[in-house]
Amino acid sequence: MSDKDNKGSMTVAEAGRKGGETVRNERGREFYETIGRKGGATVKAERGRSFYEEIGRKGGETVKAERGAKFYEEIGKKGGDRVKATRGPNFYEEIGRKGGQKVKKLIEEGKRAARAAMATAETAAGPETASSAPAAPAAPVAPVPTEGQEPQRE
């Protein structure tokens, strides 16, 4: 039988697969990456970032409904094991340390900003207001009873 005799016997899926393989072989993987990026940029420009957030949320809800929350636990563990195998156990120590340093830096920046805001507020209120106002007396604090002790009554 010749190829002409088999015409029409291929399904749409088979034809698409065959065409995709031909393009991949001729143009390479980078071609698909490039057109995917272009398509994504076009959709983002037309529909905005919220579109991706919405379809991501819907997709996540669908997967959770179909496979359950346990599925996410399993794939998270698999991913963590894969990272540990490729990057080593010290990787997690390193990123934990970097994360801790980042948090420390953010806290320090927050404290500096709060001090600057207080200084600005004091300057705006005037020096007499800030220094002449008496401090409020501290409220008495009752000691916390330890196990087996009766609470103190005032």
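These remarks concern the structure in this document. (Residues numbered from 1 in each chain as written. Predicted model: local features only at pLDDT ≥ 70, side-chain atom pairs only at ≥ 80, totals over all residues. Heavy atoms only, no water.)

### Concerning helix 4 (residues 69-87)
Here's step 1: The terminal C-alpha atoms of helix 4 lie 27 Å apart, and with 19 residues this matches the ideal 27 Å at 1.5 Å per residue to within 8%.
Here's step 2: Within two residues after helix 4, Gly88 carries a phi angle of roughly 90°, on the positive side. (Helix = DSSP H or I, 4+ residues; strand = E, 2+ residues; numbered from the N terminus. Expected span 1.5 Å × (residues − 1).)

### Comments concerning the packing of helix 1 (residues 12-27) against helix 2 (residues 29-47)
Between two packed helices, what matters for the description is the angle formed by their axes and the separation of those axes.
Here's step 1: Relative orientation of the contacting elements helix 1 and helix 2 amounts to 105°, with a least axis distance of 6 Å. Taken together, the axes of helix 1 and helix 2 are roughly perpendicular relative to one another. In this structure, helix 1 contributes Gly20, Val23, Arg24 and Arg27 to the contact, and helix 2 contributes Arg29, Phe31 and Tyr32. (Axes fitted to C-alpha atoms, helices over the stretch in contact; angles between N-to-C directions. Parallel < 35°, antiparallel > 145°, perpendicular 65-115°, else oblique. Contact = heavy atoms within 4.5 Å.)

### Side note on the packing of aromatic side chains
Here's step 1: With the rule as written, the count across this model stands at four aromatic pairs.
Here's step 2: Measuring from centroid to centroid gives 5.7 Å for Phe71 and Tyr72, while their planes differ by 70°, and the two rings are edge-to-face.
Here's step 3: Assessed through its relative accessible area of 19%, Phe71 is described here as buried.
Here's step 4: Measuring from centroid to centroid gives 5.7 Å for Phe91 and Tyr92, while their planes differ by 70°, and the two rings are edge-to-face.
Here's step 5: A relative accessible area of 37% means that Tyr92 is categorised as partly exposed.
Here's step 6: Note that Arg27 overlies the ring of Phe31, its terminal NZ or CZ placed 4.6 Å from the centroid.
Here's step 7: Positioned above the aromatic ring of Phe51, the side-chain terminus of Arg47 is 4.6 Å from the ring centre. (Phe/Tyr/Trp six-rings, centres within 6.5 Å; stacked < 30°, edge-to-face > 60°. Buried < 20%, exposed > 50% of the residue type's maximum accessible area, 1.4 Å probe, protein only. Lys NZ or Arg CZ within 6 Å of the ring centre and 35° of its normal.)

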